[in-house]
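Listed below, chain by chain, are the residues.
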Amino acid sequence: MRKAFFPLLLVTSAMFAYAPVVIAHADYESTMGLVQKVMYFHAPSGMVMLISAVVCGVASALYLWKKDPAADRVAIAAAELAALFGLIVLVTGPLWARKAWGVWWVWEARLTMSFVGWLITVGYLFVRKYGGPGSDKLAAGLAVFGTANVPFIYVSVNIWRTMHPMTTVVPTLQPGMRGAFWFSALTLFMLYGLLLAARVHLERQRTALDQLYLAEED
Amino acid sequence: MFLRTALLVLRKDFAIEVKSREILYTTLLFALSCVLVFSIAFVKEGEPLEDAAAGILWIAIEFAGTLALGRTFERERYGETLRALLLAPAPRAAIYVGKMLGIVVLLAVCELLLVPLVALLFRSRLFEEPVLLLALLLTGTVGFAVVGSLFAAMLVRARTRDVMLPILLYPMTVPLMIGGVRGTVALTQTPVDQPSAIMWIVLLLCMDAVFLVLALWTFEPLMTE
């Protein structure tokens, strides 16, 4: 990964620079107008948030039962990125909704889910930051519970009326939008991979530094 | 052995509580204050808003439950008995189950007062289907106690436990609360919407089972120092 990091970073940067062109050339959605272009950023960010939450949950479970410190480093990196991309989703969503639905926020299934999921992720980070000694395990337990909770949150909030486009929207996108959408999604996935790798590396160095300090004190 | 240890922990907590009644009284009074505060927001020109009673009942249970959870483990920490409890030659999970049952019993006593009171004050028809209401209260309370006891136990050594417990517990119990509130709303409607209520009870039961298995599974690795 370390060798591939900088070439990949270059490719991702180039894709980012080119993304506005692709998005501008994508088909114009006539009912919602220009604001519909938020989709190219909003929906992939949502995907990244979900992927990151799953990564965090799996890594936490591994850490809790296998006691592998590497899994813990992946878990905290993934949690921070889930919170970051979740914030992007929660900010771009209302901007789009204001134009498309006429309101900033509605309490329906997917919005509620994203909000609750984001709260749990931020709770995880709070435990790590303010939990005191042993907080890594507490946070891992929380992540395992949060991951197990996802289907229940999904079912319970889905019984409310659904207003958000269903997951079937993405495969049925018009050809004129599909290319731009997957280009944006791929760019964000690559960005996510790079950020995750960088954050895991940072965490590894931080623990190494802590151990050096401890050795120095002894 | 497992069940005996759990019941022993429950009996110990019970004996302490019967003597001081500190947690029961404070929790009860807190639940009553919750009802009072909500009445300010959800009563319009002397008439309670539609379906407000169900929400008020469950939020009062959740808030009071959080308070009780914090107190039960605080007592253990204050008396410096938590370490002794964990050192006991008994399965750790049994200690957890004992603590959890204690919370269930405590909340059940609170609900004995809360449910008639909310029905009375907010003119809600809570007792149309007493059996279904009982099932709803039981499954919801057990689910809350299962998650809450684990988190409270986990946080007992954390410096910021007072504020961390609600921060972690409320988002985590969202599906339980939705189930409880929606199920209760279905029961207070005219005519009573039995199928919905039963669906929510089944869903709550599934959550209880999954959370309990997970809690028993994680309690051991989480409580090792």
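Residues numbered from 1 in each chain as written. Chains lettered and ligands numbered in written order. Predicted model: local features only at pLDDT ≥ 70, side-chain atom pairs only at ≥ 80, totals over all residues. Heavy atoms only, no water.

What to know about helix α3 (residues 52–78) of chain B
Residues and elements named next belong to chain B. The terminal C-alpha atoms of α3, which comprises 27 residues, lie 39 Å apart, in line with the 39 Å expected from a rise of 1.5 Å per residue. Taken across its 27 residues, α3 has 19 buried, putting it largely inside the fold. Residue E80 follows α3 closely and has a positive phi angle near 50 degrees. (Helix = DSSP H or I, 4+ residues; strand = E, 2+ residues; numbered from the N terminus. Expected span 1.5 Å × (residues − 1). Buried < 20%, exposed > 50% of the residue type's maximum accessible area, 1.4 Å probe, protein only.)

Some details on empty space enclosed by the protein
All names here are of chain B. The tally for this structure, following the rule as stated, stands at two cavities of 30 Å³ or more. Of the volumes computed, that of the largest cavity is approximately 60 Å³. Lining the largest cavity are F73, L82, L85, L86, I95, Y96, K99, S149, A153, F219 and M223. Counting residues per element, the ones that place at least two in the lining of the largest cavity are α4 (82–87), α5 (92–121), α6 (130–155) and α9 (194–223). Looking at the lining of the largest cavity, its residues break down into nine nonpolar, one polar and one charged. (1 Å grid on protein atoms, 1.4 Å probe; cavity = no way out; pocket = protein on both sides within 12 Å on 5 of 7 lines; lining within 4 Å. Points joined across faces, edges and corners; volume = space filled by probe spheres on them. Nonpolar A, V, L, I, M, F, W, Y, C, P; charged D, E, K, R; others polar.)

Details of the nonpolar core
Y124 and F145 of chain A together with L150 and F151 of chain B are the most contacted members of the largest nonpolar core, which totals 108 residues. By residue number, the principal contributor to this core is α6 of chain B, which donates 14 residues. Excluding residues that lie within four positions of it along the chain, F151 of chain B makes contacts with L142 and F145 of chain A together with L165, L168, L169 and M172 of chain B. With ten residues, the next largest nonpolar core counts V22, V35, Y40 and W96 of chain A among its residues. (Core = buried A, V, L, I, M, F, W, Y, C linked by side-chain atoms within 4.5 Å. Contact = heavy atoms within 4.5 Å.)

A few points about helix α1 (residues 2–20) of chain B
Residues and elements named next belong to chain B. Counted at 1.5 Å a residue, the expected span for α1 with its 19 residues is 27 Å, and the 28 Å between its end C-alpha atoms agrees. Turning to α1, its buried residues are T5, A6, V9, L10, D13 and E17. For α1, the angular spread of buried residues about the axis comes to 135 degrees, placing them on one side. Summarising the geometry of α1, the exposed residues directed more than 90 degrees from the buried face are L3, R4, L8, R11 and K19. Where α1 terminates, the next one or two residues include R21, which has phi positive at roughly 55 degrees. (Arc of directions from axis to C-beta.)

Some details on the confidence of the model for chain B
Residues and elements named next belong to chain B. Per-residue confidence for chain B gives a mean pLDDT of 88; residues scoring 70 or more make up 99%. Ranking the elements of chain B by mean pLDDT puts strand β1 (residues 43–44) last with 81 and α6 first with 93. Quick note on the complex model: pTM equals 0.85, ipTM equals 0.82. (pLDDT = per-residue confidence, 0-100.)

Some points on the interface of chain B and chain A
Reports of interface size often rely on the accessible area that becomes lost once the parts have come together. Listed as interface residues are 31 residues of chain B and, on the opposing side, 26 residues of chain A. Roughly 2,600 Å² is buried in total at the junction of chain B and chain A, and carbon and sulfur atoms are behind 83% of that figure. One can count zero salt bridges joining chain B with chain A. Taken together, the links from chain B to chain A amount to two residue pairs in polar contact (both at pLDDT 80 or more). Only α6, α7 (161–172), α8 (174–188) and α9 of chain B provide two or more residues apiece to the side of chain B that touches chain A. Of all the elements, α9 of chain B adds the most residues to the side of chain B that touches chain A, at 13 residues. Of the residues assigned to the side of chain B that touches chain A, the class counts are 26 nonpolar, three polar and two charged. (Buried area = accessible area lost by both parts, 1.4 Å probe. Salt bridge = Lys/Arg side-chain N within 4 Å of Asp/Glu carboxyl O. Polar contact = N/O pair within 3.5 Å; in protein donor to acceptor, adjacent residues only side chain to side chain.)

Considering the packing of helix α2 (residues 39–66) of chain A against helix α3 (residues 69–100) of chain A
Residue and element names in this part refer to chain A. Between α2 and α3, the least distance of the axes is 7 Å, while the angle of their chain directions is 155 degrees. Taken together, the axes of α2 and α3 lie roughly antiparallel to each other. For the crossing formed where α2 meets α3, the hand is left-handed. A breakdown of the residues in the contact of α2 with α3 according to their chemical character gives 22 nonpolar, eight polar and one charged. (Axes fitted to C-alpha atoms, helices over the stretch in contact; angles between N-to-C directions. Parallel < 35°, antiparallel > 145°, perpendicular 65-115°, else oblique. Left-handed = near helix turned anticlockwise from the far one by under 90°.)

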